[in-house]
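# Results of the structural survey
Below, each chain spelled out in residue letters.
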Amino acid sequence: DTMCQMPEPFKFAKVKVSKVFKMDGATPSYDKGALVEVDSEVQEKYDYITRTVENRGICERTGFISKNGLFPRGTFSLGLLQMAFFFRPNEWYAGQFVKIIHCIDDVDDDAKIYLEAILNGLSNKLLSVLVRDVERTFYESEILLPVKRDGKIDYEWMSNYTKTTKKNIGQFIQGLCKRH
C-alpha cells in the first residue's frame, strides 16, 4: 500500500490564511457578451469563470479577450455565490462576483491541489458572512497545514501527498478495470 509508505509531516499546525494567501478582486470582470468565439483548433482557449460551482466554475471557454483581466495560471478562483475555491492550472477570465487568490510563496501545482481542499474547508464560514466581509473573514481564518521542524509550511509534503494520492487512484481504477 503506497499510502502507508507516505511519511507523516513533522506536525500539523494552525496557520493564519493571511500568511499563505493574498486575495484580490478579479477585475476587470467580463460579462458573457464580451466572450470571443474560438474559430479554430489552433486558437488558444481560456476558461471563463463565474460564481457557480458547476463544472468547477467554468461557465464557458473563450478566445483571447484582452491582456487586461487575463488572470495567471496557478491561482485560485473564489466564486462569491457558493464560496467555492478552485485551483486554476490555466490562464482564465472572470465574470462578476469572483475573487482571485494567490499563494504568497512559490508553490507547485500538486501542492496547490492539496491547498484547494484546505481552502474549501472555509466555504461554510464564508457563506455565513456578508459578501463585503468575505476578505476580512478569509484573512482572519486559520487553516491546518503540515509544517517542518523549523516551523515553515511543508509544501513539499503536500505535493508528495497529492502525487501519491493520484497514483493510488490510478492504480485503484486500473484494478477495477481488470476485474470487469
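Source: prediction; values computed, not measured.

Further remarks concern the side chain of Ser123. Note that Ser123 resides in helix α3 (residues 123-127). A residue is classified by how much of its surface remains accessible, and Ser123, at 11% relative accessible area, is buried.

Another aspect to go through is the pattern of salt bridges. Counted according to the given criterion, the structure contains seven salt bridges. Residue Lys22 is joined to Asp24 by a salt bridge in which the shortest nitrogen-to-oxygen separation is 3.0 Å. You can call Lys22 partly exposed: its relative accessible area is 41%. The closest approach of N and O atoms between Asp109 and Arg73, which form a salt bridge, is 2.3 Å. Residue Asp109 is found in helix α2 (residues 109-120), and its partner Arg73 is found in the loop between β4 (58-62) and β5 (75-79); the two are separated by 36 residues along the sequence. Sharing partners across several salt bridges, the network here consists of Asp133, Arg136 and Glu140.

What follows concerns the sheet that holds strand β3 (residues 46-49). Strand order in the open sheet made by the three strands is β4-β3-β7, with mixed pairing throughout. Sheet topology places β4 and β7 (92-94) at the edges, where each strand pairs with a single neighbour. Strand-to-strand, the axes of this sheet are offset by a mean angle of 30 degrees, without reference to chain direction. With four bridges joining them, β3 and β4 adopt antiparallel strand pairing. Residue pairing for β4: Ile49 is matched across the bridge by Ile58.

Quick look at α2 now. End to end, α2 covers 17 Å across twelve residues, agreeing with the expected 16 Å (1.5 Å per residue, within 8%). Buried within α2 are the following residues: Asp110, Ala111, Lys112, Tyr114, Leu115, Glu116 and Leu119. You can read the cap of α2 off the contacts: a side-chain oxygen lies 3.1 Å from the backbone nitrogen of Asp110, and it is on Asp108.

Conventions adopted
- Residues numbered from 1 in each chain as written.
- Predicted model: local features only at pLDDT ≥ 70, side-chain atom pairs only at ≥ 80, totals over all residues.
- Heavy atoms only, no water.
- Helix = DSSP H or I, 4+ residues; strand = E, 2+ residues; numbered from the N terminus.
- Buried < 20%, exposed > 50% of the residue type's maximum accessible area, 1.4 Å probe, protein only.
- Salt bridge = Lys/Arg side-chain N within 4 Å of Asp/Glu carboxyl O.
- Pairing = 2+ DSSP bridges.
- Axes fitted to C-alpha atoms, helices over the stretch in contact; angles between N-to-C directions.
- Expected span 1.5 Å × (residues − 1).
- Polar contact = N/O pair within 3.5 Å; in protein donor to acceptor, adjacent residues only side chain to side chain.

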